[in-house]
Amino acid sequence: MRKLILLIVVGLALGALFGQLMMSVPGYWLVRVGDTSFQTSFWFGLVILLALFMVLHFALRVLFRLSRPVSRFKVWNSRARNRTAMKRTVRGLVALAEGRWKRAEKALVKAADDSSTPLVNYLSAALAAHYQGRYDQADTLLKRAHISTDGADPAVGMMQAQLMLDRQQYEEALAILTRLDRHLPRHPQVLKQLKAAYISVSDWDGLRRLLPRLADQQLIAREEREQLELQAYRELILQETRNPEDIERVRNLWSDMPEYLRTNIDLLVLYVETLVRCDEQVIAEKLLRHSLKTNWDSRLVLRYGLLGVDASRQLVTAEKWLQERPNDPDLLLTLGRLALRNAYWGKAQEYFEASQRQRPSGVVCAELARLYANLGEHNKSQLYYRQSVELLDKSLPSLPQPSDAQQA
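Predicted model only: the values in this text are computed from it and were never measured.

Cut-off values and rules
Residues numbered from 1 in each chain as written. Predicted model: local features only at pLDDT ≥ 70, side-chain atom pairs only at ≥ 80, totals over all residues. Heavy atoms only, no water. Helix = DSSP H or I, 4+ residues; strand = E, 2+ residues; numbered from the N terminus. Buried < 20%, exposed > 50% of the residue type's maximum accessible area, 1.4 Å probe, protein only. Areas by Shrake-Rupley, 256 points an atom, 1.4 Å probe, with all protein chains shown as cover. Phe/Tyr/Trp six-rings, centres within 6.5 Å; stacked < 30°, edge-to-face > 60°. Contact = heavy atoms within 4.5 Å. Axes fitted to C-alpha atoms, helices over the stretch in contact; angles between N-to-C directions. Parallel < 35°, antiparallel > 145°, perpendicular 65-115°, else oblique. Left-handed = near helix turned anticlockwise from the far one by under 90°. Nonpolar A, V, L, I, M, F, W, Y, C, P; charged D, E, K, R; others polar. Salt bridge = Lys/Arg side-chain N within 4 Å of Asp/Glu carboxyl O. Polar contact = N/O pair within 3.5 Å; in protein donor to acceptor, adjacent residues only side chain to side chain. Expected span 1.5 Å × (residues − 1). Patch = residues over 30% accessible without salt bridge, like charges linked within 9 Å, V, L, I, M, F, W, Y side chains within 5 Å. Lys, Arg positive; Asp, Glu negative; His and termini not counted. Charge placed at Lys NZ, Arg CZ, Asp CG, Glu CD.

(A) Representation of the overall build of the protein. A count of helices and strands for the protein gives 22 helices and 2 strands. A burial count over the protein gives 35% of its 408 residues as buried. Total accessible area on the protein is roughly 26000 Å²; 56% of this is exposed by carbon and sulfur atoms.

Okay, here's the thing in structure tokens:
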């Protein structure tokens, strides 16, 4: 109500002001054409001129629009086609999500030319064709996707790599991803796909170099990273074991290894075996000796007793360990073997028998049987051979055996 009153007051004020202006400026318009003349007041003529200007402006706009009917129809038609394409694209994406591959491909391809996002249409259609097993059609659609949009190379490349991985064409996928990685070194999807490709082609060196990059971007869980690093370094060491001439490469591999893996017993034993194969037993002995100070393990102890280095120094070292672990059966077995290598037959016998008392073992019995046989004590030798066989028999799996009746 207040606004209405205010408008009325303002209107009256403007009317009064305009009336006062008309009275204070008494002019007129005179237009003569030949013998005909037209005269009116200044203000009425001004209103007529304004009205004529508005009519002329409106008429010109109508004529301008009528002069371009084809172009306006094209714009209208393009917008209509774009709306139709958008609806088809949505239907195609829904069908793709529902697993209706054929319907999805048809809708997406049909809408691609009129779509504002043809790249999405072609990539999704290629995925639908791939799931139908129509690999050639999928590759054709990927090429059309690449042509449809500028700068589409990364998206098309990642889709192509994923399809190659699904088809188990791992080498081709790795080639594509390696190229993408050079241009997009921090792209999360490229790094994830590279991980899958490296594992698929057993490229363990590439995988071990990739894992820190995945971890930096938090693209891999800690447990998975540690598991893959363990597998990668294990496989690399095994590969180097088959090529014992290149010992320097094995050493570099061990030094590049994360600290937590160098304390892994499985990898440590594997590395020691590789060093022994490469005739680097001195390095292997030093490594085992230092490792046993912090990570006591029976596998390391037993391997220490089989090294062919300075046997007398090894025996002294192992006897120091015995002071801390006097009842360790594996250490006693190792001491017996080291005593044999030093030709201390009596001491070897004592260590073997002490180990056997702590934990009966077929291996220890076999060592005793061999020792007694070479000492000429054949009765004791045969006794320990029988015990060795009995202990080994107990460790065999329980399987059916022919009975005396069946043999008869």
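(B) Quick look at the packing of aromatic side chains. Inspection of every chain in the model, using the stated rule, returns 5 aromatic pairs. Ring centres of Trp254 and Tyr271 lie 4.2 Å apart, and the angle between their planes is 5°; this geometry places the pair in the stacked category. Placement of the pair is Trp254 in helix H12 (residues 247–256) and Tyr271 in helix H14 (residues 265–277), with a sequence separation of 17 residues. By relative accessible area, Trp254 is classed as buried at 11%.

(C) Region of the structure containing the side chain of Thr317. By the secondary structure assignment, Thr317 is in helix H17 (residues 311–324). According to the relative accessible area criterion, Thr317 is buried, its value standing at 15%. If we skip the residues at most four places from it in the chain, Thr317 touches Arg289 and Tyr304.

(D) The packing of helix H6 (residues 135–148) against helix H7 (residues 153–166), seen in detail. Direction vectors running N to C along H6 and H7 enclose 170°, while the axes themselves pass 9 Å from each other. With respect to their mutual orientation, H6 and H7 come out roughly antiparallel. Pair H6 / H7 crosses with right-handed handedness. Between H6 and H7, the residues in contact are Ala138, Leu142, Ala145 and His146 and Asp153, Val156, Met159, Gln160 and Leu163, respectively. Partitioning the contact of H6 with H7 into residue classes produces 6 nonpolar, 2 polar and 1 charged.

(E) The arrangement of unusual backbone geometry in detail. A positive phi is found at Gln218, a non-glycine position, where the angle reads about 55°. Mapped onto the fold, Gln218 is located in the loop between helix H10 (204–216) and helix H11 (222–241). The exposed category is assigned to Gln218, whose relative accessible area is 71%. You will see that Asp279, though not glycine, has its phi angle at about 60°, which is positive.

(F) Fine view of the pattern of salt bridges. By the definition in use, this model includes 28 salt bridges. Asp266 is the salt-bridge partner of Arg299, the closest N and O atoms lying 2.6 Å from each other. Note that Arg299 is positioned in helix H16 (residues 298–304) and Asp266 in helix H14, a separation of 33 residues in sequence. Owing to a relative accessible area of 40%, Arg299 belongs among the partly exposed residues under this scheme.

(G) View of the packing of helix H15 (residues 281–294) against H17. At a closest axis distance of 12 Å, the pairing of H15 and H17 adopts a crossing angle of 10°. Comparing the axis directions of H15 and H17 gives the class roughly parallel. Residues Glu285, Arg289 and Leu292 of H15 form the contact with H17, whose participating residues are Arg313, Gln314, Thr317 and Trp321. Class assignment of the residues belonging to the contact of H15 with H17 gives a composition of 2 nonpolar, 2 polar and 3 charged.

(H) Inspection of the side chain of Asp330 at higher detail. As for its position among the elements, Asp330 is in helix H18 (residues 329–341). Accessibility expressed as a relative area gives 11% for Asp330, which makes it buried. At a separation of 2.7 Å, a polar atom in the side chain of Asp330 contacts the side chain of Arg359. Not counting chain neighbours up to four residues away, the residues in contact with Asp330 comprise Ser298, Val301, Leu302 and Arg359.

(I) A look at helix H5 (residues 118–131). In a regular helix each residue adds 1.5 Å, so 14 residues correspond to 20 Å; H5 covers 20 Å between its end C-alpha atoms and thus fits that length. Burial in H5 covers these residues: Pro118, Leu119, Asn121, Tyr122, Leu123, Ser124, Ala125, Ala126, Leu127, Ala128, Ala129 and His130. Of the residues flanking the end of H5, it is Gly133, one or two places downstream, whose phi is positive at about 85°.

(J) A positive patch on the surface, seen in detail. On the surface, Arg79, Arg83, Lys87, Arg91, Lys102, Lys106 and Lys110 cluster together into a positively charged patch. Sort the elements by how many residues they give to the positive patch and helix H3 (residues 69–97) lands first, with 4 residues. You can see Arg83 is positioned in helix H3.

(K) Highlighting the environment of Lys192. Note that Lys192 resides in helix H9 (residues 188–200). Taking the C-alpha atoms as reference points, Lys192 and Leu219, 27 residues apart in sequence, are found 7.5 Å from one another.

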